[in-house]
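Next come the chains, spelled out residue by residue.
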Amino acid sequence: MNKSPIFAVKTFLTESYEELRKVNWLSKKEVVASTIAIIIIVIVASLYIGLVDLILSKTFGVFIGR
């Protein structure tokens, strides 16, 4: 068995390519739908966290006299 670095790289690239051919890739429609869902979830979570932060900062501000 040849253990040269060039052979190792060639073997790695060949095996990686073979594995990538087995991957079940999403369609463009699925990628767009997933991206939109993620953007909506991030916006909703950001608004929620911002609202909770605002409420807590106002509440604690009242207690510490600001």
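Just so you know, these numbers come straight off a predicted model, no measurement behind them.

### Observations concerning the overall build of the chain
Phase 1 of the analysis: Counting its secondary structure elements, the chain contains two helices and zero strands.
Phase 2 of the analysis: Here the C-alpha atoms of the chain give a radius of gyration of 26 Å, more than 25% beyond the 11 Å that 2.2 N^0.38 yields for 66 residues.
Phase 3 of the analysis: Considered along the principal axes of its C-alpha atoms, the chain spans approximately 75 × 35 × 10 Å.
Phase 4 of the analysis: Counting the 66 residues in the chain, one finds 2% classified as buried.
Phase 5 of the analysis: Charge centroids of the chain, computed over 8 positive and 5 negative side chains, lie 6 Å from each other.

### So, helix H2 (residues 28-64)
Phase 1 of the analysis: Taking 1.5 Å of rise per residue, the 37 residues of H2 would be expected to cover 54 Å, and the 53 Å separating its terminal C-alpha atoms lies within 8% of that figure.
Phase 2 of the analysis: Just downstream of H2, Gly65 is the residue with a positive phi angle, here 85 degrees.

### Description of a nonpolar patch on the surface
Phase 1 of the analysis: Among the surface-exposed residues, Tyr48, Ile49, Val52, Leu56, Phe60, Phe63 and Ile64 lie close enough to one another that they form a single nonpolar patch of about 800 Å² accessible area.
Phase 2 of the analysis: Considering the arrangement of structural elements, one finds Leu56 in helix H2.

### So, the pattern of salt bridges
Phase 1 of the analysis: Scanning all chains against the criterion turns up one salt bridge.
Phase 2 of the analysis: Notably, a salt bridge pairs Glu19 with Lys22, separated by 3.3 Å at the nearest N-O pair. With Glu19 and Lys22 both in helix H1 (residues 5-22) and three residues apart, the pair spans about one turn of that helix.
Phase 3 of the analysis: Judged by relative accessible area, Lys22 falls into the exposed class, the value being 62%.

The rules behind the values
- Throughout, a residue's number is its position along its own chain's written sequence, starting from 1.
- With the structure being a predicted model, the display of local features is reserved for residues of pLDDT at least 70 and the display and counting of side-chain atom pairs for 80 or more, all residues being used for whole-chain, interface and lining totals.
- As a convention, hydrogens and water are excluded, and side-chain values are obtained from all of the structure's heavy atoms.
- Per the convention used, a helix needs a DSSP run of H or I reaching at least four residues, while a strand needs a run of E reaching at least two, with both numbered from the N terminus.
- All radius of gyration figures rest on C-alpha atoms, and the globule criterion is 2.2 Å times the number of residues raised to 0.38.
- We call a residue buried when its accessible area falls under 20% of the maximum for its residue type, exposed when it is over 50%, and partly exposed in between, using a 1.4 Å probe and counting protein chains only.
- Only four residue types enter the charge count, namely Lys and Arg as positive and Asp and Glu as negative; His and the chain termini do not.
- Note on charges: their place is set at NZ of Lys, CZ of Arg, CG of Asp or CD of Glu.
- By this rule, a helix spans an expected 1.5 Å times one less than how many residues it contains.
- Each patch is built from residues that are more than 30% exposed by relative accessible area and take part in no salt bridge. Like charges join if they lie within 9 Å; nonpolar side chains (Val, Leu, Ile, Met, Phe, Trp, Tyr) join within 5 Å.
- Surface exposure here means Shrake-Rupley accessible area, sampled with a 1.4 Å probe, where a residue is shielded only by the protein chains that are shown.
- Should a side-chain nitrogen of Lys or Arg be within 4 Å of a carboxyl oxygen of Asp or Glu, the pair is scored as a salt bridge.

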